[in-house]
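Architecture and fold: a report
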Amino acid sequence: MTCFPLPEMTSKRRDWGDCSATTDLRFIAAATGETCEASSARSAPAVRFSPPRCPDWRRSPGRGWTRGRRKERRSRRWTASRRWASRSPSRGVTCFTVTDVFDYFRALLKKDEKSERALALTTEAIELNAANYTVWHYRRVLLQALQKDLREEMRYITAIIEDQPKNYQVWHHRRMVVEWLNDPSEELDFIAEILSQDNKNYHAWQHRQWVIQEYKLWDGELDYVEELLEEDVRNNSAWNQRHFVVSHTSGYSDPSVLEQEVQYTLKQIKKAPHNESAWNYLKGILQDRGLSSHPGLLEQVLELKETHCSPYLIAFLVDLYEDMLESMDGGQGQEEPLSKALVLCELLARETDTIRKEYWRYVARSLQTRFGSGDPSVPTVETEPQTTPASD
Amino acid sequence: MADEDGSFVDFEQIDFLRDRHVKFFQRCLQVLPERYSSLETSRLTIVFFALSGLDVLDALDVVNKPSLTEWIYSLQVLPTDDQSNLGRCGFRGSSHIGVPYSTKGPGCPHPFDSAHVAMTYTGLASLIILGDDLSRVNKQACLAGLKALQLEDGSFYAVPEGSENDMRFVYCAACICYMLNDWTGMDVKKAIDYIRRSMSYDNGIGQGAGLESHGGSTFCAIAALCLMGKLEEVFPKRELDRIRRWCIMRQQNGFHGRPNKPVDTCYSFWVGATLELLDVFRYTNFEKNRNYILSTQDRLVGGFAKWPDSHPDPLHAYFGICGLSLIGESNLRRVHPALNISDRALEHMQQLHRTWRDTCT
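Residue positions are counted from 1 within each chain, in the order its sequence is given. The lettering of chains begins at A and the numbering of ligands begins at 1, in the order of writing. With the structure being a predicted model, the display of local features is reserved for residues of pLDDT at least 70 and the display and counting of side-chain atom pairs for 80 or more, all residues being used for whole-chain, interface and lining totals. Working from all heavy atoms in the structure, the side-chain values ignore hydrogens and water.

Moving on, we get to the overall build of chain A. The number of helices and strands found in chain A is 17 helices and five strands. Burial here depends on accessible area, computed with a 1.4 Å probe over protein chains only, as a share of the maximum for the residue type. Under 20% is buried, over 50% is exposed, and the range in between is partly exposed. Counting every position in chain A, which comprises 392 residues, the buried fraction comes to 52%. When checking whether two residues touch, look at their non-hydrogen atoms; a contact exists if any pair is within 4.5 Å. Counting only contacts in chain A whose residues sit at least 6 apart along the sequence, the fraction spanning at least 24 positions is 58%. Of the roughly 18800 Å² of accessible surface on chain A, 49% is carried by carbon and sulfur atoms. Only runs of H or I of at least four residues qualify as helices and only runs of E of at least two qualify as strands under DSSP, and these elements are numbered from the N terminus. Accessible surface is estimated by sampling points in the Shrake-Rupley manner with a 1.4 Å probe; for residues, cover comes only from the protein chains shown.

In structure tokens, the structure reads:
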């Protein structure tokens, strides 16, 4: 990496007010043989970062030296800064630290320099902190000013996302480059690859929905969703995507589509009864037309109750009876569905969904208030207010 | 799973280690380990977690208030002499751009210096928590900066240069207007429309239209509507009941953010606060929630993690404590479930608003 002769950096340090140094390394500039002191860090009293040591080995109080916990990945920042430090000074090669990279970045930013070395610097800065949105923005400015090969940039972005799939900035950057190229042709495959590593990655799904909607790539997406649901019928993101695709293509107004979706969902429920996602989907596609208006549904669900029961099934029945009561609109025959709903609420409270017992009793009380006739034979539920468990 | 009312509770350690958490937040305000360097551009949010956390713990006395106040003001992006940067005003997350340190105007011209909506939100909240009177905040500039971030669809960018846009920033925008007591900073109607369109078929709320419903975005949406005073105008009772159901189903022991996902301490606040705003939090199971949160407590270094036996971090420490506050844990201040600051801090803010009103009339 070429040296950045920016001696004005040292005088800038004075302007950074109430700061304290976290590094004070010297480095040797390869090209000029100049010696400069790295500028001090710019952190003021609050929240500074300690310089990169070797995070792989850490001294925890009471535990001695440990290698860090299971879930932690090797720090990329360590790798990057170590790479810088490992070049031997005796061979006259430049040594940089995190601080140096960002000091230079700040200097170039202020100058709004548009050059290859600036672009190269953004690459280093991103490796050290891919969450710095200013670096990404500056990189975009440079990509356009220098008319860089955007397909090469896409390859770069792909590598970063593979390494850091939950980073907001790189996904946004990808979206911008896809827009500039006006070419989404790699996107669905790429996102599928990311989803194969974590099939609920919200960034991936968000990008996928944007690509599909922007470029009208609806074909084949329902098949993709079904593949995912085959792998894991409890994948809530896949169920959501199903709704996204159907609602934007055929829609649910066509009765044959609706029935197809209902039957598909019931089939998945039979395979895995204890699955909130499937029940949410079933309720979601029917609730605005009225759960009790769908012919044969009540019977199908009552049948399922015998062999494939779950808290979600019971709750669905409560909602169905509630819808029935609403459509009766105060007319005759309310006692039976009301009584059934109240019994089911009590079943949920006492047996099938006890963690929510206060809630189900609240639901029962609401139903009673809205649809009850005040008839003493209809069961009512009394509860005590919840107290905070002893915490001292 | 049957309820174990009468059975012996497995004695994991479920005592709340207040002093450890105070020390944890104090350390957050000093130096963070290098593995948190990705938070460089959002250091102000870490300050907020620490300050608000200490406030809820009633331990703000350990903080050097004047020093922190100056630092926060140094992050304000103020109008330049020619006022050409009004759309970029607000607060930065840190000094990472390298603008010369200054706690007063005029602003220093810089081609890339601009505010971030989450930093403006946490900056203002932190100042309020510190008891500042916001007299050095250029409110009109903040509001101009906020207006510049709103898109046609009603959502917000984080920065004027452009970024992703979603429900998180709608919430930040609502908090800013609420704290400055001035809703001219946004088109409320458009924001409401964005929220409405983000409601999912399953009655939760996603980050945007069509996206999967999520505990975080549901909180952002409902809390924003509450701050606007528009909750019942936007969602009739039937829809509120549906949202209540989606939210209350998130409790497994602690809470998760989406169906069929693992629980995580911070959702005890995101979903818990939403349920509180919807007036049904009292129907959740406090004991199981508390036991989960405390199982993620780090007994050695303090703070909380998302899961048991994981590293604590400032965000989960803060929301773990707020989650406990919601269930009425003793010796914790109450947290305002929409604005996410203590009742004490809220009282100070309300007093400020009264002063502003009196000054105007």
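Read on, since the account is not over.
Here we take up the overall build of chain B. When you go through chain B residue by residue, the secondary structure sums to 14 helices and five strands. For a compact globule of 361 residues, the expected C-alpha radius of gyration is about 21 Å, and chain B comes in at 20 Å, within 12% of that figure. Taking all 361 residues of chain B together, the buried fraction comes to 64%. Taking the contacts inside chain B whose residues are at least 6 apart along the sequence as the reference set, 68% of them involve residues at least 24 apart. Split by element, the accessible area of chain B, about 12700 Å² in all, is 51% carbon and sulfur. As used throughout, the charge tally considers Lys and Arg to be positive and Asp and Glu to be negative, leaving His and the chain termini uncounted. For the purpose of locating charges, the reference atoms are NZ of Lys, CZ of Arg, CG of Asp and CD of Glu. Across chain B, 37 positive and 43 negative side-chain charges occur, with their mean positions spaced 2 Å apart. We take the radius of gyration over the C-alpha atoms and set the globule estimate at 2.2 Å times the residue count to the 0.38 power.

Moving on, we get to the side chain of A:T134. Relative to the helices and strands, A:T134 is located in helix α5 (residues 133-145). Look past the residues within four positions of A:T134 in its chain and what remains in contact with it is A:F105, A:L109, B:H96, B:I97 and B:F112.

This next bit is on the packing of helix α2 (residues 43-56) of chain B against helix α4 (residues 117-129) of chain B. Residue and element names in this part refer to chain B. Interaxial angles span 0 to 180 degrees and are taken between N-to-C directions of axes, which are lines fitted to C-alpha atoms, for helices over the stretch in contact. At a minimum axis separation of 9 Å, α2 and α4 run at an interaxial angle of 30 degrees. Between α2 and α4, the interaxial angle falls into the category roughly parallel. As for the relative orientation of α2 and α4, their crossing is left-handed in sense. Packed against α2, whose contacting residues are L44, T45, V47, F48, L51, S52 and D55, the element α4 presents A118, M119, Y121, T122, G123, A125, S126 and I129 at the interface. Of the residues in the contact of α2 with α4, the class split is nine nonpolar, five polar and one charged. Throughout this description, any angle smaller than 35 degrees is read as roughly parallel, any larger than 145 degrees as roughly antiparallel, any in the 65 to 115 degree range as roughly perpendicular, and the remainder as oblique. The handedness criterion is simple: a crossing whose near helix is rotated anticlockwise from the far helix by less than a right angle is left-handed, and one whose near helix is rotated clockwise is right-handed. Think of it as three bins: nonpolar holds Ala, Val, Leu, Ile, Met, Phe, Trp, Tyr, Cys and Pro, charged holds Asp, Glu, Lys and Arg, and polar takes everything else, Gly as well.

The next point concerns the UniProt feature "domain: Prenyltransferase alpha-alpha toroid" (unreviewed entry) in chain B. The positions that UniProt labels "domain: Prenyltransferase alpha-alpha toroid" (unreviewed entry) are, in the present scheme, residues 16-341 of chain B. Annotated as 44% helix and 3% strand, the span residues 16-341 of chain B places its first and last C-alpha atoms 20 Å apart. UniProt positions are given in the numbering used here, feature names are shortened, and annotations may be inferred rather than shown by experiment.

The set of buried Ala, Val, Leu, Ile, Met, Phe, Trp, Tyr and Cys residues whose side-chain atoms join them within 4.5 Å is what this entry labels a nonpolar core. B:F91 and B:F235 are the most contacted members of the largest nonpolar core, which has 217 residues in total. Residue contributions to this core peak at 12 residues, all from helix α6 (residues 167-180) of chain B.

Further remarks concern the packing of aromatic side chains. Residue and element names in this part refer to chain A. Two aromatic rings, drawn from Phe, Tyr or Trp (for Trp, its six-membered ring), form a pair once their centres lie within 6.5 Å of each other, and the interplanar angle then sorts them: stacked below 30 degrees, edge-to-face above 60, tilted otherwise. Applying the stated rule across the entire model yields 32 aromatic pairs over all chains. Taking 6.4 Å as the distance between ring centres and 40 degrees as the angle between the ring planes, the aromatic pair formed by W136 and Y156 counts as tilted. Linking W136 in helix α5 with Y156 in helix α6 (residues 150-163), this pair joins segments that are 20 residues apart in sequence. The pair formed by W136 and Y156 is uniform in burial state, with each residue classed as buried. The interplanar angle of 85 degrees and the centroid separation of 5.9 Å between the aromatic rings of W210 and Y215 together place this pair among those described as edge-to-face. Of the two residues, W210 and Y215, both sit in the buried class.

Here A:E358 lies in helix α17 (residues 357-371). Along the backbone, A:E358 and A:L342 are 16 residues apart, and their C-alpha atoms lie at a distance of 14 Å.

This brings us to helix α16 (residues 335-352) of chain A. Side chains three or four residues apart in an α-helix point the same way, a direct result of the helix having 3.6 residues per turn. Residue and element names in this part refer to chain A. Each residue after the first adds 1.5 Å to the expected span of a helix. The end-to-end C-alpha distance of α16, which contains 18 residues, comes to 24 Å, matching closely the 26 Å that a straight helix rising 1.5 Å per residue would cover. Listed as buried for α16 are P337, L338, A341, L342, L344, C345, E346, L348 and A349. Lining the buried residues of α16 we find α14 (297-307), α15 (311-328) and α17.

The next subject is the environment of B:N64. Residues and elements named next belong to chain B. Checked against the element boundaries, N64 lands in the loop between α2 and α3 (65-73). For the pair formed by N64 and L29, sequence separation is 35 residues and the distance between their alpha carbons is 10.0 Å. For N64, the side chain forms a polar contact with the main-chain nitrogen of S67, separated by 3.2 Å. Polar contact is defined as a pair of N or O atoms within 3.5 Å, subject to the rule that within protein one atom must be able to donate a hydrogen and the other to accept it, and that residues adjacent in sequence are counted only when both atoms are side-chain atoms.

Turning our eyes to something else, we now look at the pattern of salt bridges. The working definition used for a salt bridge is a side-chain nitrogen of Lys or Arg within 4 Å of a carboxyl oxygen of Asp or Glu. All chains considered together, the criterion is met by 44 salt bridges over all chains. A salt bridge links A:E326 to B:R238, with the shortest nitrogen-to-oxygen separation between them at 3.7 Å. Taken together, the positions of A:E326 in helix α15 and B:R238 in helix α10 (residues 237-248) put the pair across two chains. Owing to a relative accessible area of 29%, A:E326 belongs among the partly exposed residues under this scheme.

With that out of the way, let us pick up the packing of α6(A) against helix α8 (residues 187-197) of chain A. Residues and elements named next belong to chain A. Their axes nearest at 11 Å, the elements α6 and α8 cross at an angle of 15 degrees. Taken together, α6 and α8 sit at an angle that is classed as roughly parallel. Crossing handedness for the pair α6 and α8: right-handed. Residue-level inspection shows M154, T158, I161 and E162 of α6 in contact with α8, the latter providing E187, F190, E193, I194 and Q197. Here the residues of the contact of α6 with α8 are counted per class, giving four nonpolar, two polar and three charged.

This part covers α15(A). Given a rise of 1.5 Å per residue, 18 residues ought to cover 26 Å, and the 26 Å separating the end C-alpha atoms of α15(A) matches this to within 8%. α15(A) sits mainly inside the fold: 13 of its 18 residues count as buried.

With that settled, consider unusual backbone geometry. Most of the time, phi is negative for any residue but glycine, and the peptide bond is trans. All names here are of chain B. Of the consecutive residues G105 and P106, the connecting peptide bond is found in the cis state with omega at -5 degrees. Looking at where P106 falls in the secondary structure, it is placed in the loop between β3 (90-91) and α4. With a phi close to 60 degrees, Q83 is a non-glycine residue in the positive phi region. Backbone geometry at N260 places phi at a positive 65 degrees, although glycine is not the residue there. Looking at the secondary structure, you find N260 in the loop between α10 and α11 (267-277).

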